[in-house]
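Residue strings, one per chain:
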Amino acid sequence: MRVIGGGGQERRRAQSASPYEAQFGFCRALRVDDRILVSGTGPIEPDGSTTPGDAGAQATRCFAIAVAAIEDLGGTAADVVRTRMYVTDLADQDLVGAAHARAFGDHPPAATMVGTPALVRDDWKVEIEVEAVIGTP
């Protein structure tokens with residue numbers, strides 16, 4: 001991740017290895033004061049390829065990318081207050097839900113899981129958004 005300075009408020013950005021950030025003009029995560037917003041995060045490996053495996057493996061990768069961005073901006077997984085999980089097959093909800101439970105352990109955030117017919121890449125089974133507030137109990 002790369003952290004970039006911001007504007008008048010406490011505003012910082014984190015970038016990741018996703019090729020879509022430059023192409024589509026967004027950052028992986030944005031911190032404004034004590035709030036961190038993580039963009040929709042797909043299962044992208046450091047080399048730009050899609051994470052192999054089932055929806056659970058892909059969700060695990062998405063959470064790892066999102067939490068790394070939060071950590072780069074001064075937070076932790078325990079600071080996550082909301083997640084949104086988009087899955088292309090609702091039959092995968094248990095796999096994605098289990099990855100969610102592992103990612104947040106004793107600090108479960110508010111969460112939504114939605115079925116969608118497609119994501120940016122045909123081989124993506126899941127994409128995840130995350131929001132954190134630094135210093136939440």
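The chain goes by RidA family protein in an unreviewed UniProt entry, where it is assigned to Blastomonas marina.

Q: Mind showing me how you'd approach the packing of aromatic side chains here?
A: Describing an aromatic ring pair means giving the distance of the ring centres and the angle of the ring planes. Taken as a whole and assessed by the stated rule, the structure comprises one aromatic pair. On the numbers, 5.5 Å between centres and 85° between planes, the contact of Phe 63 with Phe 104 is edge-to-face. Here the residue Phe 63 occupies a position in helix H2 (residues 55-72), and Phe 104 occupies one in helix H3 (residues 93-104), the gap between them amounting to 41 residues. The residues Phe 63 and Phe 104 share a single accessibility class, namely buried.

Q: Hey, could you run me through the pairing of strand S4 (residues 35-41) in this one?
A: The side chains of a regular strand alternate between the sheet's two faces. Where strand S3 (residues 29-32) meets S4, four bridges bridge the pair, whose relative direction is antiparallel. Of the residues in S4, the one forming a bridge with Ala 29 is Val 38. Taking the residues that link successive antiparallel strands as the turn, the S3-S4 hairpin has two residues, and the phi of Asp 33 there is positive, at about 55°. Two elements, S4 and strand S7 (residues 126-133), share five bridges in a ladder whose sense is antiparallel. Paired with Arg 35 across the two strands is Val 133, which belongs to S7.

Cut-offs applied
Here the residue index of a chain counts from 1 through its sequence in written order. Totals for whole chains, interfaces and linings use every residue, but because this is a predicted model, local features are given only for residues with pLDDT of at least 70 and side-chain atom pairs only at 80 or more, for both listing and counting. Based on all heavy atoms of the structure, the side-chain values leave hydrogens and waters out of the count. Put simply, two rings from Phe, Tyr or Trp (the six-membered ring, in Trp's case) pair if the centres are within 6.5 Å, and we call them stacked under 30 degrees between planes, edge-to-face over 60, tilted for the rest. A run of H or I in DSSP becomes a helix once it reaches four residues, and a run of E becomes a strand once it reaches two; helices and strands are each numbered from the N terminus. Each residue is placed in one exposure class: buried if its accessible area under a 1.4 Å probe, protein chains only, is under 20% of its type's maximum, exposed if it is over 50%, and partly exposed if it falls in between. Two strands make a pair as long as DSSP finds a minimum of two bridges between them.

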